Each structure stands twice: as C-alpha cells, then as structure tokens.
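A structural walkthrough
Here are the chains, one letter per residue:
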Amino acid sequence: MGAVGRWVLSLDGAALPDGALVGGKAWGIAFMRHAGLPVPPAFVVTTEACRAYLAEGQLPDGLTDELHAGIAMLEAETGRRFGVPERPLLLAVRSGAAISMPGMLDTVLNLGIDEEIEAALARESGDVAFARDTHRRFHEMYARIVLKAGIDGLPPEGSVEEWRAAVAEAGAAARVPEAPVDQLLGAVRAVFDSWNGRRAKRYRRHHGLADDAGTAVTVQAMVFGNLGANSGTGVLFSRNPLTGAPVPYGEYLACAQGEDVVSGQRTPQGLDALSSSLPEAHAALIDAAGRLEALNRDVQDIEFSVQNGALYLLQTRTAARAPAAAMRIAVDLVNEGTISSDEALARVSAAQVRTLLMPRLDEGAGEDAALLAEGEGASPGVGIGKVVLDADAAEASGAAGEDVVLVRPTTSPEDVHGMVAARAVVTATGGATSHAAVVSRSLGVPCVVGCGEGVGAALAGREVTVDGKAGQVFDGVLPVSIPAETDDPYLRRIAAWARAAAPIAVYRAEDSAPNGAVDLDRLPGGEEPERMPALLAGAPGAKGGALASDAGVAAAVAAGLDFIVVRHALPALLAACAAARAEAAT
C-alpha cells in the first residue's frame, strides 16, 4: 500500500491498510491483491477525507491533485487512459464504510465515458450494443445517484440528447458532465454525501452504529460483465447464508453488471449457469472463495465479474447470514478447528437467537391455506401483517403499532426505513443476493423474493402470513408455534459454551432456580435497566422486567448478581457474555 498524499492511498496489496481509514470494501481489495487473487487495480479516498468534506462542505485542499495521481497509477497498471478515446479507462466509484452497511451508500459505475469514448469502446470491442449499454448505464446511474433525478431507467435506443432531456424532466438540477474529471469529482462528493443520507442514518440508528466514522471512496478500474455472452457478474457466498451448509452458494447473470444482481431488477440464475457456460471461471471462483474463507477465518460474501471468460474479484467481506446459519456456521468453524468456542460466542448474538425462537408455522399449517404468492425464500422466519406497498406507509403503520408486510417490485436503499418497520418483505423480482434479501437477513426480517410481476397489486391491503424459509405467502393469519431452544443441536452446543463462559448463572422459568430472586415485574421501574442497581442492591438474583433485554442482562452482570431467571436462557447467556467482553475491553 502506497500513500499518494494525505487523502488517497493505493490499494496495491503490498501492505494491508487500516480498515477504519479505508473502509471495508477497500480493505478487502487490498487483502485480495495481497493474496495474489485477480482484482482490478484500485485506490481509495480515505474516511478522513470524508470527515473533512462533511465538516467543511467542500472537498479538502489537495484532494483533487491526489485523485489525478491515483488515476495515473491506474493508467500505468492497466495500460489505459482516463478521459481519452484511445484505449479508454473507465472507473467504478464505490462507497465503503469501516463497518458494513449493505446497500446503504452510493456507487457509480462506468464513469469516464462520453460519446467519443463510447465510439472508441465500440471499435475496440467490435460490439456497438455493448458500448451503448455501458454509456446508458453510466448516464442513468450518475443522474440518479449524483444529480438525484427521479428516473427508473433510460431508453437503450435513445440518443444522448434524449437521455439528457429525460434527466432534466425528472427534476435534475444539472446535466451529466461531459468531462470525465468532472464526473469523478461529482461521484466522490455524492458518495461522501450519502453518508448523511436518510437511509444511512436510519440504518446506523437501527444497528447502534456511530454517525461520525464517515465512508471511504474506492476508485477501481472497470471490468465489463456486460461484454457479450462470455461475460457476466454475480455474488458468491463461501457457505450458504440461509442455512449455514458448508457449500458455496451464489447467483450469476450473464451479460450483466453488478448493479443488475444487487438491485433485484433482474432475477439471476444459480452458479450452475456459470459452471456450465464458463467452467474455468467457475473453478477459479470456487478456489478463490475457499482461499478467502480460510484466510479470513469466516464466511465470505464475494462480488465478481467475468469479462470475456476471465474472472475478476471485486469485493470480499464477512457475509451477512440468517440467524440459523449464524448458529451452524459458528459451531462448524469450531468443529473444523478454525476458531475457538470463545470466538464462536462473539459471532452470534442474543438478537439472532431471539429471532430463531420467534413463532413459526405449525406443522401442516400451509396445506389447507390459500397460497397467494410464491418465490424464493431469502430470509427465514414467519411474518404476519397487512400488506402495504411503499416504505413510508410501512413506517407509519409500524409506528402506530400495526403489523405490516412490505411488498415492492424490488427494494432499494430508499426502502430500508420501511423494511425495518415491517414484519416481512416480499418482492416481485430479485434473487437471494438482491438488496431485499441481503438487508432483510441483516435485519432478521423474513423475506421472499422473485414472486413475479403484479404481486403487489394482488396482495395490497390483505392480511397475509409470509414464510421466509419456504418462500411462500399465504392468505390470512395461520397458526404458529414457538420453538424450544433445546430442540436445535446447534443452539444446545452454543448454550453449553455460553454457560461455561457467562459471568452469571441463567435459569429458565421452568428450571429449579435458587431462592431470593427479586421480581422486577412487581417493582416500579423494574423494566428500566438504569434503575436496576438501586432495585437489586443486596439481592442474589432477579427475574422479569428489564431482563428481557440485552441492556437489562448487562445491568444484572454489572450489579454483581449470582443468577437471573428468564423465559429463554440462551439469549440471556449470550448477552451476559457480550457484557463481559465489553467490560474487559474497557
């Protein structure tokens, strides 16, 4: 890794950078290049530059010159030139916070193109349609992300002037710049601005993340998954993120770019499609996934593109996973000797276990029920509520105490506040690696994707039961049952580790707990964790009240109690272990 200046660092893989300074995406690129994997060259504008921009309201002094120096590095490595027709270099400009925020921040692809460079791409590739598609993609994405134009798409057959007219009609305050350097500066500003966007703030608030970290901007040489039948793009998980099964899992779209998969606007095929059409690229991908998981000691979420049969890795990060998958993966990695049981406990959360212990459909409950829609199960669990068709309605109904199911053609970052409020999410298009699927898994919300066009109109206003594991949407409220935490072998294994590590004894209500527990349900303020030290002074144990929350368990640990009594033991045990780790870290 080389420093271009104060604000820009090369991601050449010579050394691994500070993740807090460059963000997770850039760190992953440097890591993969350090490991000798095929990654397009890149540099990063640091989170420090973002914080300076947000504080000053303008790009910090010296950053523009450092961007030019970074471009020169990419030109030297690729043998291409940015902003000129002869062997043109196009760029991908991507956000990347230090803590993963899937789908929350902004990206602009194919940057650096104009009409003259489009013609040069057509001559070089021999594919006029590819060059026009690439130009349209850039114009559309820049208009939407940077200029905030309310467009869903631009006509592929349209001229540039027709595109400009459509963007202006959609409310854009300016034109898409023709000069590639101006395009780059605009994209960098847009990524920085996205840190303080509504969706990003809501995501951080929901997950308890800090607002002052900022995002880095990764600038990377483009590779083109839309360059004909021997090109494509996809996402691979080194293990199944839904079940935790130790087999690669992913999706692939031929003749497409990454936004096509992530946006959910096209429904991809399984990895078998890549294996059958481009077996060498598929074999290289599977090998790279195994290496990256072994090196990172955790399941990886890998974005990749194939250009004319050659594989390129664009991103690797620790994979978001469904709660059941998190339990299995933690246990399997311990069994394989990859991590310790203490590390496994740190990788699963009380919230994930609570999700697993939520109601699920009774055996056979769906057999006689009316099946209204069916797609791909993308995030397990059962959600019941009234169908609404936009995120604002979901947020408002949720705030009013109503249970709602959010149904959308596909979701985007603009829908996250509604996804947070919903009991389940259903989409017409998309696959298990789409925005809807990835964000729903990170939120622990049941999700079904790819139910087909018109699903929103068919379900609007109805009360439905969504089975996110089976990928089904049923009419009405179906009977559910609450699973026992002792039924699952992975939960039992984790519980044994947690009992040995927890700084406090945890009993279920039906267990034979010691005498002397203070009943917080009977005390004023017993539901408030901050009141517990005064309420529990001198007591050996407690039950009820705030102990249903992680904060309440942490307060019990801090109060030095010998034991607590709760409805479900494992979430409390994990919360107690987390409290002990937090205390040890201070």
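Read on for an overview of the structure. The structure presented is a predicted model; accordingly, all values stated were derived computationally and were not measured. (Residues numbered from 1 in each chain as written. Predicted model: local features only at pLDDT ≥ 70, side-chain atom pairs only at ≥ 80, totals over all residues. Heavy atoms only, no water.)

Quick look at the overall build of the protein
A tally of regular secondary structure across the protein gives 22 helices and 26 strands. Against the globule reference of 25 Å for 586 residues, the protein gives a C-alpha radius of gyration of 25 Å, in line with a compact fold. Long-range pairs, those at least 24 residues apart, make up 63% of the contacts in the protein with a sequence separation of at least 6. Of the roughly 23600 Å² that the protein leaves accessible, carbon and sulfur atoms contribute 50%. Side chains of the protein give 48 positive and 73 negative charges; the mean places of these two sets differ by 3 Å. (Helix = DSSP H or I, 4+ residues; strand = E, 2+ residues; numbered from the N terminus. Rg over C-alpha atoms; globule rule 2.2 N^0.38 Å. Contact = heavy atoms within 4.5 Å. Areas by Shrake-Rupley, 256 points an atom, 1.4 Å probe, with all protein chains shown as cover. Lys, Arg positive; Asp, Glu negative; His and termini not counted. Charge placed at Lys NZ, Arg CZ, Asp CG, Glu CD.)

What about the packing of aromatic side chains?
Under the defined criterion, the tally for this structure stands at six aromatic pairs. A ring pair is formed by Tyr53 and Phe192, whose centres lie 5.3 Å apart and whose planes are at 40°; its orientation type is tilted. Taken together, the positions of Tyr53 in helix α2 (residues 47–56) and Phe192 in helix α7 (residues 180–194) put the pair 139 residues apart, joining distant regions of the chain. Each of the two residues, Tyr53 as well as Phe192, counts as buried. When the ring of Tyr252 is compared with that of Phe304, the centres are 6.2 Å apart and the planes differ by 0°; the resulting orientation is stacked. One end of the pair, Tyr252, is in strand β9 (residues 249–254); the other, Phe304, is in strand β11 (residues 300–307), with 52 residues separating them in the sequence. Since its relative accessible area comes to 0%, Phe304 is described here as buried. Here Arg204 stacks its cationic end above the ring of Trp195, 3.9 Å away from the centre of that ring. (Phe/Tyr/Trp six-rings, centres within 6.5 Å; stacked < 30°, edge-to-face > 60°. Buried < 20%, exposed > 50% of the residue type's maximum accessible area, 1.4 Å probe, protein only. Lys NZ or Arg CZ within 6 Å of the ring centre and 35° of its normal.)

A short note on the environment of Ala52
Within the secondary structure, Ala52 sits in helix α2. Here Ala52 falls in the buried class, since its relative accessible area comes to 13%. Beyond its immediate sequence surroundings of up to four residues, Ala52 is in contact with Trp7, Gln58 and Pro60.

Some details on the pattern of salt bridges
Taken as a whole, this structure holds 30 salt bridges when the rule is applied. Among the ionic pairs, Arg132 bridges to Glu118, the shortest N-O distance being 3.0 Å. On the criterion of sequence distance, the pair formed by Arg132 in helix α5 (residues 128–145) and Glu118 in helix α4 (residues 115–125) is long-range, its members being 14 residues apart. Relative accessible area serves as the criterion here: at 22%, Arg132 is assigned to the partly exposed category. With a closest N to O distance of 3.9 Å, Arg164 and Glu161 form a salt bridge. Taken together, the positions of Arg164 and Glu161, both in helix α6 (residues 160–169) and three residues apart, correspond to about one turn of that helix. (Salt bridge = Lys/Arg side-chain N within 4 Å of Asp/Glu carboxyl O.)

Details of the environment of Ala120
For Ala120, the position within the fold is in helix α4. Using a relative accessible area of 4% as the deciding quantity, one classes Ala120 as buried. When the C-alpha positions of Ala120 and Arg87 are compared, they lie 7.6 Å apart, and in sequence the two are 33 residues distant.

Some thoughts on the side chain of Thr427
By the secondary structure assignment, Thr427 is in strand β18 (residues 424–427). Under the relative-accessibility criterion, Thr427 is labelled buried at 1%. At a separation of 2.8 Å, a polar atom in the side chain of Thr427 contacts the main-chain carbonyl oxygen of Thr429. Aside from chain neighbours lying at most four places away, what touches Thr427 is Arg408, Pro409, Thr410, Thr411, Ala436, Val448, Val449, Gly450, Cys451 and Val455. (Polar contact = N/O pair within 3.5 Å; in protein donor to acceptor, adjacent residues only side chain to side chain.)

Some thoughts on the sheet that holds strand β12 (residues 310–318)
Pairing within the open sheet is antiparallel, and its five strands lie in the order β10-β9-β8-β11-β12. Both edges of this open sheet fall to β10 (269–270) and β12, since each of them pairs with a single strand only. (Pairing = 2+ DSSP bridges.)

Focus: the pairing of strand β21 (residues 472–475)
Bridge count for strand β14 (residues 371–374) against β21 is three bridges, and the pairing is antiparallel. Its bridge partner lying in β21, Leu371 is registered against Phe474.

Concerning the nonpolar core
Within soluble globular proteins, side chains that are nonpolar tend to cluster in buried spots. Core analysis: the biggest nonpolar cluster contains 57 residues, and Ile494, Ile564 and Leu574 have the highest contact counts within it. Ranked by size, the runner-up nonpolar core spans 56 residues in total, among them Trp7, Phe43, Tyr53 and Leu184. (Core = buried A, V, L, I, M, F, W, Y, C linked by side-chain atoms within 4.5 Å.)

Notes on the sheet that holds strand β15 (residues 376–379)
The strands that make up a sheet are held in pairs by hydrogen bonds between backbone atoms, and each pair lies either parallel or antiparallel. A sheet is described by the order of its strands in space; here eight strands give the open sequence β14-β21-β20-β16-β17-β18-β19-β15, paired in mixed fashion. The two strands at the open ends of the sheet, each matched to only one other strand, are β14 and β15. Taking each pair of neighbouring strands and ignoring which way they run, the sheet shows an average axis angle of 30°. Docked against the sheet, helix α15 (residues 391–399) engages β16 (382–388) and β17 (404–408), running at close to 175° with respect to β17. Across the sheet, helix α17 (residues 435–443) is in contact with β15, β18 and β19 (447–449); its angle to β19 comes to roughly 170°. (Axes fitted to C-alpha atoms, helices over the stretch in contact; angles between N-to-C directions.)

A look at the pairing of strand β7 (residues 215–221)
The side chains of a regular strand alternate between both faces of the sheet. The element β7 is largely enclosed, with a buried count of seven among its seven residues. A two-sided burial pattern is seen for β7, the buried positions comprising Thr215, Val217, Val219 and Ala221 on one face and Ala216, Thr218 and Gln220 on the other. Across seven bridges, the pairing between strand β5 (residues 91–97) and β7 is antiparallel. In the strand pairing of β7, Ala92 is matched with Gln220.

Regarding α15
Those residues of α15 lying buried are Ala391, Ala394 and Ser397. Buried residues of α15, seen end-on, are gathered within an arc of 130° and therefore sit on one face of the element. Along its buried surface, α15 packs onto β16, β17 and α16 (416–421). Where α15 starts, the residue carrying a side-chain oxygen 3.1 Å from the main-chain nitrogen of Asp392 turns out to be Asp390. Of the residues trailing α15, Gly401 is marked for its positive phi of about 85°. (Arc of directions from axis to C-beta.)

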